[in-house]
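# Geometric and topological summary
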Amino acid sequence: MIRIPIILLLFLINFSTFSQSEGLTNSPYSLYGLGTINQTTLGKYNSMGYTGIGQKSTTDINNLNAANFALIQKGTFLYDVGLRGNYNTYENYNDLESKTYFNFSNLAFAFPLGDKGGMGITLLPYTDVGYTLIGKQNNIEGSTDTYESNVDGLGGLTDFKLNFGYALLPSLRLGVSASLLFGNIEQTESFSLESSAFTQEKSTNYSGFKIGTGLQWDITKNTTLGSTINFPVNLNGNQITNTIKIVDNAEVAVQEDEKSKVDGFTLPMELGLGISSVFKNYWTLNVDYKKNYWEQTNQSEFLGSYIDQDVFGVGLTYKKEGRNLNYGQRIAFRTGYTYDTGNLRVGGNSINGQQFTFGIGLPTSYRSGSMVNLSYAYGTRGKIDNSLIKENYHMLTLNLSLLDNWFLRRKIN
């Protein structure tokens with residue numbers, strides 16, 4: 001009988017609430033839509049350019065393709081918990097700023113279902129919001145005069161995903177995933193003028209379900225093809241508004257917990273294709289391509305428009321296998337690269353980005369398949385041009401990827 005600890009499930013839910021309230025980014029591009037899309041994933045894949053659609057693994061959780069969950073070995077239980085830290089710089093023609101932040105990055109566990117199936121639950125940030133606008137120009141109604149206000153945004157969406165994989169044949173695996181996307185985005189706008197002030201707080205909640213499928217096919221002993229499809233979904237939204245005015249130092253509540261419906265937000269069809277190959281015994285090469293059809297959502301932003309997005313990734317790992325290796329020989333070395341054409345066009349410029357990733361995997365013991373995975377990424381987003389900002393970021397992720405034997409029965413003589 002499969003036993004899933006209730007305390008772990010409760011921890012997952014509490015973690016999602018904590019992440020939304022703390023914020024995981026300070027990117028100015030999180031102003032658009034529901035925020036910046038989170039690219040980080042689980043364990044070793046963070047240091048391989050976030051690739052792995054075609055990679056098969058039996059000792060860790062591959063959240064990039066639900067089909068891989070069919071390979072979880074009978075009698076094992078997999079965990080993955082991660083931390084993330086960022087140092088970001090933002091620059092335009094006039095200014096240069098930097099910010100640092102830390103937070104949890106993911107929680108996940110997985111287990112086998114019978115001889116041919118496997119299931120897992122993962123929890124990751126889906127979008128991140130964290131921005132500040134200073135000196136926003138606004139028009140005074142009935143006048144040609146203007147005033148300046150400050151706007152702060154914080155929050156994001158969480159992806160609570162259930163994955164299931166099943167082996168149709170020894171070389172062919174099929175997977176399905178169901179995600180509950182939910183979260184809150186808070187925006188506060190304020191200004192003051194002599195003895196008067198204005199503050200408006202808008203708290204917008206979004207939620208919806210997203211369905212996906214995955215496939216892995218071992219075309220040879222050492223080479224696997226993978227594909228994924230995530231179907232489009234419209235997220236429903238509702239908003240609570242609080243507005244306070246101060247006139248002659250007297251506070252007046254204009255709106256208090258006023259509820260209203262807001263337009264939903266559509267996430268696009270997403271297609272993924274990947275290949276993974278093991279060569280010369282110790283090397284694993286991943287190549288992934290993803291296409292996100294944002295133009296078909298027929299959405300636009302006040303300052304820009306959505307465009308179809310292409311993401312190219314490559315990852316490489318060096319790791320020896322065998323029981324008679326010393327500790328140093330069992331350390332894994334990884335690197336990767338990702339190029340993202342971006343899903344936004346602002347002022348005629350697409351907001352593209354790229355990342356270089358590096359990492360190591362440290363075994364927790366001589367016999368266990370558990371790993372401490374440390375990854376570093378350097379990336380850029382956007383460019384310095386008119387109102388655009390160039391973002392540079394250094395990111396460290398630390399993942400504890402554990403393999404435990406929960407389902408083995410002890411034999412007593």
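The written sequence of each chain sets the order in which its residues are numbered from 1. It should be noted that, the model being predicted, local features are given only for residues of pLDDT at least 70 and side-chain atom pairs only at 80 or more, the latter also being counted only at that level, while totals for whole chains, interfaces and linings use all residues. For side-chain calculations, the full set of non-hydrogen atoms in the structure is used, while hydrogens and water are omitted.

### Looking at the packing of aromatic side chains
- Note on aromatic contacts: the rings of Phe and Tyr and the six-membered ring of Trp form a pair at centre separations within 6.5 Å, being stacked when their planes are under 30 degrees apart, edge-to-face when over 60 apart, and tilted otherwise. Per the counting criterion, the structure on display carries twelve aromatic pairs.
- Consider the rings of F77 and Y79, whose centres lie 5.0 Å apart with planes at 50°: the pair is tilted.
- Residue F77 is classed as buried on the basis of its relative accessible area of 0%.
- With a centroid separation of 6.4 Å and an interplanar angle of 20°, the aromatic rings of F109 and F111 are classed as stacked. Both residues of the pair, F109 and F111, belong to the buried class.
- The structure contains a cluster of three or more aromatic residues connected by ring pairs, namely F77, Y79, F109 and F111. Burial status follows relative accessibility: with a 1.4 Å probe on protein chains alone, a residue under 20% of its type maximum counts as buried, one over 50% as exposed, and anything between as partly exposed.

### Section: the confidence of the model for the chain
- A residue's pLDDT is the confidence the predictor assigns to it, expressed on a 0 to 100 scale. Put simply, the chain has an average pLDDT of 85, and 86% of its residues get 70 or more.
- Any pair of residues with heavy atoms lying within 4.5 Å of one another is described as a contacting pair. Contacts for the low-pLDDT stretch residues 1–7, under 50 throughout, to residues beyond four places or in other chains number twelve contacts.

### Description of empty space enclosed by the protein
- Both site types are read off a 1 Å grid over the protein atoms alone. A 1.4 Å probe that fits but cannot get out defines a cavity, while an open set with protein on both sides within 12 Å along at least five of seven lines defines a pocket; lining residues have an atom within 4 Å of a point. Grid points are joined across faces, edges and corners, and a volume is the space filled by probe spheres set on the points. A full pass over the atoms with the stated rule returns four cavities of 30 Å³ or more.
- Space inside the second largest cavity adds up to approximately 190 Å³.
- As for the second largest cavity, its lining consists of 17 residues, of which R84, N86, R381, Y393 and M395 are closest to the centre.
- Of all elements in the fold, only strand 1 (36–37), strand 2 (77–91) and strand 21 (390–404) reach the threshold of two or more residues within the lining of the second largest cavity. Going along the chain from the N terminus, every DSSP run of H or I of four or more residues is numbered as a helix, and every run of E of two or more is numbered as a strand.

### Remarks on the sheet that holds strand 14 (residues 304–306)
- Pairing is antiparallel in the open sheet, where four strands are placed in the order 13-14-17-18. Strand pairing shows two members of the sheet lacking a second neighbour, strand 13 (300–301) and strand 18 (349–350), which therefore form its edges.
- We call two strands paired when DSSP finds no fewer than two bridges between them. Relative to strand 17 (residues 344–346), strand 14 runs antiparallel, the two sharing two bridges. Bridging from a neighbouring strand, S305 pairs with R345 of strand 17.

### Concerning the pairing of strand 3 (residues 96–113)
- Bridge count between strand 2 and strand 3: 14 bridges; the pairing is antiparallel. In the strand pairing of strand 3, Y87 is matched with T100.
- Between strand 2 and strand 3, which pair antiparallel and follow one another directly, the connecting turn spans four residues.

### Topic: the environment of I360
- By the secondary structure assignment, I360 is in strand 19 (residues 353–363).
- With a relative accessible area of 28%, I360 lands in the partly exposed category.
- Through-space distance from the C-alpha of I360 to that of N373 is 6.0 Å; in sequence the pair is 13 residues apart.
- The contact partners of I360, leaving out residues within four places of it in the chain, are A332, F333, R334, V372, N373 and L374.

### Here's the deal with the layout of surface pockets
- Its boundaries defined by the atoms lining it, the second largest pocket holds a volume of some 1300 Å³.
- In terms of lining residues, the second largest pocket is bounded by 37 residues, among which S57, T58, T59, K319 and E321 are the most central.
- Listing elements by their share of the lining of the second largest pocket, those giving two or more residues are strand 11 (270–279), strand 12 (283–292), strand 20 (371–381) and strand 21.
- Ranked by residue count, the leading element in the lining of the second largest pocket is strand 11, at three residues.
- When grouped by side-chain class, the residues that make up the lining of the second largest pocket number eight nonpolar, 18 polar and eleven charged. Note on residue categories: nonpolar means Ala, Val, Leu, Ile, Met, Phe, Trp, Tyr, Cys or Pro, charged means Asp, Glu, Lys or Arg, and polar means any other residue, Gly included.

### Some thoughts on the nonpolar core
- By nonpolar core is meant a set of buried Ala, Val, Leu, Ile, Met, Phe, Trp, Tyr and Cys residues that side-chain atoms within 4.5 Å join together. Among the nonpolar cores identified, the biggest contains 21 residues, and L34, L157, Y206, L235, F265, L267 and I351 are the most heavily contacted of them.
- Residue assignment for this core shows that the elements contributing at least two residues are strand 4 (117–139), strand 5 (146–169), strand 6 (172–193), strand 9 (233–247), strand 10 (250–267) and strand 17.
- Discounting chain neighbours no more than four positions away, the residues touching L235 are L34, L157, L181, Y206, S207, G208, G264, F265 and L267.
- L42, I61, I72 and L124 belong to the second largest nonpolar core, which has nine residues in total.

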